[in-house]
Structures are given as structure tokens and as C-alpha cells.
Amino acid sequence: MAVFTPIELEEIKPWISQDFKIGQACEIRGIHGGIENSNFFLDTIKDGEKQEYVLTIFERLTAEQLPFYLELMRHLANKGVPVPKPIENNQGEILFSLKGKPAAIVSKLPGLSRMQPEARHCALVGEMLAKMHLAGSDFNMFQGNLRSLHWWKETIPSVQPHLDSTQLELINSELDAQIAFFGSNDYAALPSGPSHCDLFRDNVLFDADDQLGGFFDFYFAGTDKWLFDLAVTVNDWCINLATGELDTSRYEAMMSSYQSVRQLKQEEVRSWQLMLRAAALRFWVSRLWDYYLPRD
């Protein structure tokens, strides 16, 4: 269970009642999964009706970094993109302190994740991802992707002692290729803006009618190339896990639906293979880091 900082219902009841207009807290449950933050389902009763929220206590991100993520979610929600919307307290604040750590409450989206997606799911995700990119184009805050090239360059040396010679050669050669790619004219010309940067299958929900319920877990988001965001998503949603190859039907569904909203530019088409590799490298590095250098 992803609960590094436990909290009990009796601890939170007075805070919710006094500081918010969302009713009285009646249940809090730790959420399984995830490795970054302490997450809880928070249920309240208001005017006799049950309401559902998600409470997050942030374990790594700082109070200085968090306004970008929370304000981005609020911006996208106000634009009609189905994402969790931060809940204000009575003072209009959306970032709080709980047990000495930053915390936030957001609305709970409907549905469940589809861990074995079909082409129709990929089409819905691709279309909404493009809509999300365009909706965020006028967001006025900037924060770079904290897990981009600078982080790869810092982190790869720390995991190198745990790799065999073949892995070492691959990770070092790919890092060199990405350094060159990031310094290219094509890379500089790629459209950019707020990006989710972690839109894996478990960060998307579908409702009972198999319609898109929404995107969540924006706490790896950053201002980055939109093509990187698309590559991260394709690398997870469209992969045949048995072979490691792209599944043609899912891949074509996602790419065509994305481009029905935002057509890729020529420099994006030229950069696509290197960007798929960049997305793969980002998550290989983070998985190596989490596996060999885990937190207590």
C-alpha cells in the first residue's frame, strides 16, 4: 500500500469540518499502488449525501513545486478536461499542510483502469491527450519536467554499479544519443506545453459504459514537448507485453485519434523514433533507481 504517512479518521475529522465546505469526514482508506506519495480515498457526508475525494500527502515534492501541478489540474478541469479538481479550503487555498507535509484534496473521478486496453480505449486516450495539450496551451505557469534529461544524467551514474556490461553499454549509448537529440534543431522546434509525462494505464479511468472517466496523478507533470507525452503514453498503452513490439491496432487507434485533434508537425514526425526511445529511457532509469536504491 502506498501509505508512507498514515492518518486516521479521527485525526482528520476536525480539520475537514472546520476548514472546508465539503461536509463531515466519515471514512478514509489508504489507496493501494503507487510509490511516490501517501494517497487516501476520503468520503464525506454533506446534506445527507455521500461525496468522494482523494487526499494526498506528498512525500517527495516540496510546497514550492506543488502549485504548478495543482493549478494545472484546476486549469484543465475548468477547461472541461476530465481531471481531478483541487478542493479549496475556506480561505481559497488548494495546498495545505498535514502532519508537517504538503497535502491536497481533489475530486474523485469515476471508473476503473483498463489494464488490458483495446484499440477503442487507446483511441479515447489519444483524443483526450491532444485536447489536454491544447487546453493547457494558455496555462501561465512553467515548471520543467523534473525527470527529463538533467535527471537522467544525474541518476544513471548512481545505478551503473548494478548493471551488467550489456546494460551499461546500452544505457550509456542511449544517453549520448538523447543528449545529441535534445541539442538538435528539430528538438528545439517541437511544440511544448504542460504535459502529464506519466500517462500509464493505471493513471486513466473508464466508467461503467467504457467511456473515458478521466486522467489523474499529475504529480510527474511538467512543461515539456507534447511529443514526449504522446511517446510515454504510446509506450505503455500500445505495447504487446509478450513481445515488446507495438500492437498495430492499438497504436494506429491512438495515433489517428490524437492527430484528429492535433496534427503532428514535420519535425515531430522526424523525431518520433528518438522520442519513443527517450520515453523508454526515462522509465528504465526510474525503475532501476526505484529497484536498486529504494526508500525505506
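Report follows, based on the coordinates. Keep in mind that this is a model prediction, so the values were computed, not measured.

The rules behind the values
- Residues numbered from 1 in each chain as written.
- Predicted model: local features only at pLDDT ≥ 70, side-chain atom pairs only at ≥ 80, totals over all residues.
- Heavy atoms only, no water.
- Helix = DSSP H or I, 4+ residues; strand = E, 2+ residues; numbered from the N terminus.
- Rg over C-alpha atoms; globule rule 2.2 N^0.38 Å.
- Buried < 20%, exposed > 50% of the residue type's maximum accessible area, 1.4 Å probe, protein only.
- Disulfide = S-S within 2.5 Å.
- Expected span 1.5 Å × (residues − 1).
- Pairing = 2+ DSSP bridges.
- Axes fitted to C-alpha atoms, helices over the stretch in contact; angles between N-to-C directions.
- Contact = heavy atoms within 4.5 Å.
- Phe/Tyr/Trp six-rings, centres within 6.5 Å; stacked < 30°, edge-to-face > 60°.
- Lys NZ or Arg CZ within 6 Å of the ring centre and 35° of its normal.
- Parallel < 35°, antiparallel > 145°, perpendicular 65-115°, else oblique.
- Left-handed = near helix turned anticlockwise from the far one by under 90°.
- Nonpolar A, V, L, I, M, F, W, Y, C, P; charged D, E, K, R; others polar.
- Arc of directions from axis to C-beta.
- Core = buried A, V, L, I, M, F, W, Y, C linked by side-chain atoms within 4.5 Å.

Summing up its helical and strand segments, the protein has nine helices and nine strands in all. For 296 residues, the compact-globule estimate of 2.2 N^0.38 gives 19 Å, and the protein sits close to it at 20 Å. In terms of its C-alpha atoms, the protein occupies a principal-axis envelope of roughly 55 × 45 × 40 Å. Looking at the protein as a whole, 50% of its 296 residues are labelled buried.

Scanning all chains against the criterion turns up zero disulfides. Cysteine Cys-122 shares no disulfide, and the gap to the nearest cysteine sulfur, in Cys-238, comes to 4.3 Å. The class of Cys-122 is buried, set by a relative accessible area of 0%.

Our focus in this paragraph is helix α7 (residues 226-237). If you check α7, its first and last C-alpha atoms are 17 Å apart, about what twelve residues at 1.5 Å a residue would give, namely 16 Å. With eleven of twelve residues buried, α7 is to be regarded as a mostly interior element. Where α7 is concerned, the buried positions are Trp-226, Leu-227, Phe-228, Asp-229, Leu-230, Ala-231, Val-232, Thr-233, Val-234, Asp-236 and Trp-237.

The subject of this paragraph is the sheet that holds strand β4 (residues 96-98). The strand order across the open sheet built from five strands is β1-β2-β3-β5-β4, with neighbouring strands paired in antiparallel fashion. Each end of this open sheet is capped by a strand with a single partner; those strands are β1 (24-30) and β4. Pairwise comparison of adjacent strand axes, ignoring direction, gives a mean angle of 35° for this sheet. As judged from the five bridges shared by strand β3 (residues 49-57) and strand β5 (residues 101-107), these two strands associate in the antiparallel manner.

Here Phe-4 lies in the segment before α1 (9-19). Among residues more than four places away in sequence, those in contact with Phe-4 are Ile-35, Glu-36, Asn-37, Ser-38, Glu-59 and Arg-295.

It is generally the case that most residues other than glycine have a negative phi and that most peptide bonds are trans. Unusually for a residue other than glycine, Cys-197 sits at a positive phi of about 70°. Its place among the elements puts Cys-197 in the loop between β6 (192-195) and β7 (204-206). Unusually for a residue other than glycine, Asp-210 sits at a positive phi of about 65°. Relative to the helices and strands, Asp-210 is located in the loop between β7 and β8 (212-215). Under the relative-accessibility criterion, Asp-210 is labelled buried at 15%.

This part takes up the packing of aromatic side chains. Overall, the coordinates contain 15 aromatic pairs when judged by the stated rule. Ring centres 5.7 Å apart and planes at 85° place the aromatic pair Phe-68 and Tyr-69 in the edge-to-face group. Here Phe-68 and Tyr-69 have matching classes, each one buried. Ring centres 4.3 Å apart and planes at 25° place the aromatic pair Phe-182 and Tyr-187 in the stacked group. In this structure, Phe-182 and Tyr-187 share a single accessibility class: buried. Positioned above the aromatic ring of Tyr-187 is the side chain of Lys-225, whose terminal nitrogen or guanidinium carbon lies 5.0 Å from the ring centre.

Before going further, it helps to spend a moment on the packing of α7 against helix α9 (residues 266-292). Two measures define how a pair of helices packs: the angle their axes make with one another and the distance between the axes. Between α7 and α9, whose axes approach to 8 Å, the crossing angle comes to 60°. The orientation of α7 with respect to α9, classified from their angle, is oblique. Considering how the two elements wind past one another, α7 and α9 form a crossing that is right-handed. On α9, the residues touching Leu-227, Phe-228, Leu-230, Ala-231, Val-232, Val-234 and Asn-235 of α7 are Glu-268, Ser-271, Trp-272, Met-275, Leu-276, Ala-278, Ala-279, Ala-280, Arg-282 and Phe-283. Among the residues making up the contact of α7 with α9, the classes are represented as 13 nonpolar, two polar and two charged.

What follows deals with helix α4 (residues 149-159). Turning to α4, its buried residues number three or more, namely Leu-149, Trp-151, Trp-152, Thr-155, Ile-156 and Val-159. For α4, the arc enclosing every buried residue in end-on projection is 135°, short of the 170-degree limit, so these residues lie on one face. The inward-facing, buried residues of α4 contact α5 (165-182), α7 and α9.

All right, on to the nonpolar core then. Membership of the largest hydrophobic core comes to 69 residues, with the highest contact counts inside it found for Val-125, Trp-152, Phe-215, Phe-218, Tyr-219 and Met-275. If one sorts the elements of this core by residue count, α9 sits on top with nine residues. Filtering out sequence-adjacent residues up to four positions away, Val-125 remains in contact with Leu-199, Val-204, Phe-206, Leu-212, Phe-215, Thr-233, Trp-237 and Met-254. With 19 residues, the next largest nonpolar core counts Ile-12, Phe-20, Ile-22 and Ala-103 among its residues.

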